[in-house]
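Next come the chains, spelled out residue by residue.
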Amino acid sequence: MHRIHVIDSHTGGEPTRVVIAGGPDLGAGPLEERAKVFRSRFDTFRSCVVNEPRGSDVLVGALLCEPHDPANTVGVIFFNNVGTIGMCGHGTIGLAVTLAHLGKMGVGEHRIETVVGVVAVTLHDAHRVTVRNVPSYRQHANVSVEVEGLGRVTGDIAWGGNWFFLVKEHNEDLRIANVERLTDVTWRIRQAANRAFPEPVDHVELFGPPLDSANHSRNFVLCPGKAYDRSPCGTGTSAKLACLFADGKLEPGEVWRQESITGSVFEGSVEPAGASGAVIPNITGTAYLIAEATLLVDADDPLKGGIRS
């Protein structure tokens, strides 16, 4: 009976499962190289932790790793129901709150290694965290794709730690009651974008007016495994901020309040990242612990590796 120790949290409604013990030995070296080992040799472990019957499509896993650079607090490899993720904003917030719970992170600033680079986190208290993300930028502005059943859809392609297709002009009602329709629409857009552009778009965002007038925008975010993000999406908000900055609609240090499909909110701002037009996004949100558990993996269980789609 193999045991995997995890701590679960949610950030604005989006769950994170941090593996604190029982994970695979990925060897040493840069985190990106260890992530390749994880993908090639331990995909069954990934599925075991986040897929049914132990998990669900919406669950994001976070495998703790020793940092390659000892100046950093920790390394992390994020993964979901279909594979690894370069960076995860809500997951980083959940990770920080989990490490604080374990006594491994105190109030203040810390550096965390991710597969796409080092991010800084500031732990404000037991729940509130600011993530200083990797440089984010808009790759293509106002590009159109022909989407089956929808016609021509126009949006921006941007990087925020993952690749996004961001759509602000559409006819959809961004309410929780419409998630089935919104999932179908954004899945079609993703397929069309991946046929049309070389960037491997793995997330699609729809934007609209907020339900709460204290916020600037509301979004619906489709994640790579076809689950929708219950939070405003940290990397997606980073991509949005990069587009706003590129359009001259957001000044450095100005706060943007991004509302999710569930009504949870991230606060974001940017710092210019040089002449390239990229920005350094700062994303602030709150996370709460919801479980400490030991996952049991019985060698005789025919579904011990999880149910894969």
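For the structure itself, look to the data block above.
A brief look at the structure comes next. (Residues numbered from 1 in each chain as written. Predicted model: local features only at pLDDT ≥ 70, side-chain atom pairs only at ≥ 80, totals over all residues. Heavy atoms only, no water.)

## What about the side chain of Thr183?
The criterion, for reference: Numbering of helices and strands runs from the N terminus; a helix is a DSSP stretch of H or I covering at least four residues, while a strand is a stretch of E covering at least two. Burial classification: accessible surface area is computed with a 1.4 Å probe over protein chains only, and a residue below 20% of its type maximum counts as buried, one above 50% as exposed, and the rest as partly exposed. Throughout, a contact is declared for two residues whenever any of their heavy atoms are within 4.5 Å.
For Thr183, the position within the fold is in helix H4 (residues 179-196). Note on Thr183: relative accessible area 14%, which makes it buried. Excluding residues that lie within four positions of it along the chain, Thr183 makes contacts with Phe220, Leu222 and Lys226.

## A short note on the pairing of strand E4 (residues 74-79)
Operational definition: Here, any two strands with at least 2 DSSP bridges between them count as paired.
Taking burial as the measure, the six residues of E4 include six buried ones, the bulk of the element. Across the two faces of E4 the burial is the same, with Val74, Val76 and Phe78 and Gly75, Ile77 and Phe79 all buried. Direction of pairing for strand E3 (residues 60-65) relative to E4: antiparallel, over a ladder of five bridges. Counted as the bridge partner of Gly61 is Phe79 from E4. Pairing geometry for E4 and strand E6 (residues 108-114), over two bridges, is parallel. Pairing of Val74 across the sheet is with Ile112, part of E6. Note that E4 and strand E5 (residues 84-85) share two bridges and pair antiparallel. By the bridge assignment for E5, Phe79 is matched with Thr84. The antiparallel pairing of E4 with E5 creates a hairpin that spans four residues between the two strands.

## Observations concerning unusual backbone geometry
Cis geometry marks the peptide bond from Glu52 to Pro53; its omega dihedral reads 10°. When you line up the elements, Pro53 lands in the loop between helix H2 (43-50) and E3. Not every positive phi belongs to a glycine, and Asn142 is a case in point at roughly 50°. Residue position: Asn142 is located in strand E9 (residues 137-147). Its identity as a non-glycine residue notwithstanding, Cys233 has a phi of 75°, on the positive side. Among the secondary structure elements, Cys233 is positioned in the loop between strand E13 (217-222) and helix H5 (234-246).

## Comments concerning the packing of aromatic side chains
Basically, it comes down to this: In summary, the pairing rule links any two rings of Phe, Tyr or Trp, Trp by its six-membered ring, whose centres are within 6.5 Å, and it sorts them by plane angle into stacked for under 30 degrees, edge-to-face for over 60 and tilted for everything else. Definition used: whenever NZ (Lys) or CZ (Arg) falls within 6 Å of the ring centre and also within 35 degrees of the ring normal, the charge is taken to sit over that ring.
On inspection of all chains with the given rule, the structure shows five aromatic pairs. Between the aromatic rings of Phe38 and Phe79, the centroid separation amounts to 5.4 Å while the plane-to-plane angle is 55°, which identifies the pairing as tilted. Taken together, the residues Phe38 in helix H1 (residues 31-41) and Phe79 in strand E4 connect sequence positions 41 residues apart. For Phe79, a relative accessible area of 0% corresponds to the buried category. Over the ring of Tyr228 we find Arg230, and its NZ or CZ is 3.8 Å from the ring centre.

## Some details on the pattern of salt bridges
Definition in use: Every case where a carboxyl oxygen of Asp or Glu lies within 4 Å of a side-chain nitrogen of Lys or Arg is listed as a salt bridge.
Following the criterion strictly, the structure yields 14 salt bridges and no others. Residue Arg132 pairs with Glu271 through a salt bridge whose shortest N-O separation is 2.8 Å. Of this pair, Arg132 sits in strand E8 (residues 128-132) while Glu271 sits in strand E15 (residues 265-272); the two residues are 139 residues apart in sequence, bridging distant segments of the chain. Glu267 serves as the salt-bridge partner of Arg257, at 2.8 Å between the closest nitrogen and oxygen. Here the residue Arg257 occupies a position in strand E14 (residues 256-259), and Glu267 occupies one in strand E15, the gap between them amounting to ten residues. Given a relative accessible area of 27%, Glu267 falls into the partly exposed group. One network of salt bridges, with partners in common, ties together Asp43, Arg46 and Arg308.

## Some words on the side chain of Ser9
Following the sequence through the fold, Ser9 ends up in strand E1 (residues 2-11). The class of Ser9 is buried, set by a relative accessible area of 0%.

## Examining H5
Residues that lie three or four places apart on an α-helix share one face, since the helix turns once every 3.6 residues. Applied cut-off: What a helix should span is 1.5 Å times the count of its residues minus one.
Over its 13 residues, H5 extends 18 Å from the first C-alpha to the last, a length consistent with the 18 Å expected when each residue adds 1.5 Å. In terms of residue burial, H5 counts as a mostly covered element, since eleven of its 13 residues are buried. Directly beyond the C-terminal end of H5, a positive phi value near 75° is found at Gly248.

## Some details on the pairing of strand E12 (residues 203-208)
Stated precisely, the cut-off is as follows: A clockwise path from the first strand over the helix to the second, with the strands pointing away from the viewer, defines a right-handed crossover.
Counting buried residues along E12, six of its six residues qualify, which places the element largely inside the surrounding structure. The alternating pattern of E12 places His203, Glu205 and Phe207 and Val204, Leu206 and Gly208 on opposite faces, both of which are buried. Pairing between strand E11 (residues 163-167) and E12: four bridges, direction parallel. Each bridged residue has a counterpart across the sheet, and for Phe164 the counterpart in E12 is His203. Following the backbone out of E11, through H4 and into the adjacent parallel E12, one traces a crossover that is right-handed. Inspection of the sheet shows E12 paired to E13 by five bridges, in the antiparallel sense. In the sheet register, Phe207 faces E13, and the bridge partner there is Asn219.

Take it as geometry only, folks, not as evidence of what the structure does.
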